[in-house]
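# Structural overview for review
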Amino acid sequence: NETIDVINYIAPEHLSIQTAEPSIYVGKIKYVGAMFLGQYSPEAIGDYAAGPSHVLPTDQTARFSNGLTVNDFLTSHSVIHLDEHAYREIAPSAIALAEEEGLYQHNNH
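Rules and cut-offs
- Residues numbered from 1 in each chain as written.
- Predicted model: local features only at pLDDT ≥ 70, side-chain atom pairs only at ≥ 80, totals over all residues.
- Heavy atoms only, no water.
- Buried < 20%, exposed > 50% of the residue type's maximum accessible area, 1.4 Å probe, protein only.
- Helix = DSSP H or I, 4+ residues; strand = E, 2+ residues; numbered from the N terminus.
- Pairing = 2+ DSSP bridges.
- Core = buried A, V, L, I, M, F, W, Y, C linked by side-chain atoms within 4.5 Å.
- Contact = heavy atoms within 4.5 Å.
- Arc of directions from axis to C-beta.
- Polar contact = N/O pair within 3.5 Å; in protein donor to acceptor, adjacent residues only side chain to side chain.
- Expected span 1.5 Å × (residues − 1).

### Quick notes on the pairing of strand 2 (residues 34-37)
- Burial along strand 2 is one-sided: Ala 34 and Phe 36 are buried, and none of Met 35 and Leu 37, which face the opposite way, are.
- Across four bridges, the pairing between strand 1 (residues 14-17) and strand 2 is parallel. Pairing of Ile 17 across the sheet is with Leu 37, part of strand 2.

### A look at the nonpolar core
- In terms of nonpolar packing, the biggest core is built from six residues, these being Ile 4, Ile 7, Leu 15, Ile 17, Ile 29 and Val 32.
- The residues touching Leu 15, leaving out its near neighbours within four places in the chain, are Ile 7, Ile 29, Val 32, Ala 34, Met 35 and Phe 36.

### Digging into helix 1 (residues 2-10)
- Residues of helix 1 that are buried include every one of Ile 4, Ile 7 and Asn 8, and no others. Looking straight down helix 1, one finds its buried side chains confined to an arc of 95 degrees; they lie on one side. Facing away from the buried side of helix 1 by over 90 degrees, the exposed positions are Glu 2, Thr 3, Asp 5 and Tyr 9.
- Lining the buried residues of helix 1 we find strand 1.
- Count one or two residues on from helix 1 and you reach Ala 11, which has phi positive near 50 degrees.

### Side note on the side chain of Asn 8
- Relative to the assigned elements, Asn 8 resides in helix 1.
- At 3.2 Å, the side chain of Asn 8 and the backbone oxygen of Lys 28 are in polar contact.
- A polar contact of 2.7 Å, which involves the side chain of Asn 8, links it to the backbone nitrogen of Lys 30.
- Contacts of Asn 8, omitting those with residues within four sequence positions, involve Lys 28, Ile 29, Lys 30, Tyr 31 and Arg 63.

### Thoughts on the environment of Pro 22
- Relative to the assigned elements, Pro 22 resides in the loop between strand 1 and strand 2.
- Overall, Pro 22 belongs to the buried group, its relative accessible area being 14%.
- Separated by 33 residues in sequence, Pro 22 and Val 55 place their C-alpha atoms 23 Å apart.
- When sequence neighbours within four positions are dropped, the list of residues in contact with Pro 22 reads Ile 17, Leu 37 and Gly 38.

### A closer look at helix 3 (residues 84-101)
- With 18 residues, helix 3 should reach 26 Å at 1.5 Å per residue; the first-to-last C-alpha distance of 25 Å fits that figure.
- When we look at burial in helix 3, the residues that qualify are Ala 91, Ile 95 and Ala 98.
- Immediately beyond the C-terminal end of helix 3, within one or two residues, lies Gly 102, with a positive phi of roughly 80 degrees.

### Quick look at the environment of Ser 41
- Tracing the sequence through the fold places Ser 41 in the loop between strand 2 and helix 2 (43-48).
- Classification of Ser 41 by relative accessible area gives partly exposed; the value is 26%.
- C-alpha separation for the pair Ser 41 and Arg 63, spaced 22 residues apart in sequence, amounts to 23 Å.
- There is a polar contact of 2.9 Å between the side chain of Ser 41 and the backbone oxygen of Leu 37.

What follows is the structure, given as structure tokens:
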């Protein structure tokens, strides 16, 4: 468990797990660029031939980022569409948050 904690703290770019049952650790590792499990999964194979991108987060940025994927070349956006009832239910919370942040123009609904 201490090793898992250290790995999650370090958030390494590459992590090679060489045990008899490496897959049992996958769900415990939260922050890593890429994991290489077992003797037939060396880093070079993962970087160049196995499929995932070679562009991975470095310097502990795996805590909030991931390796480059096709999604990095796509845009996304939120769509908010409330009915009157839902608006009336949540508007007071939004107003209170806007006031707390000092964003008084956000209170103009």
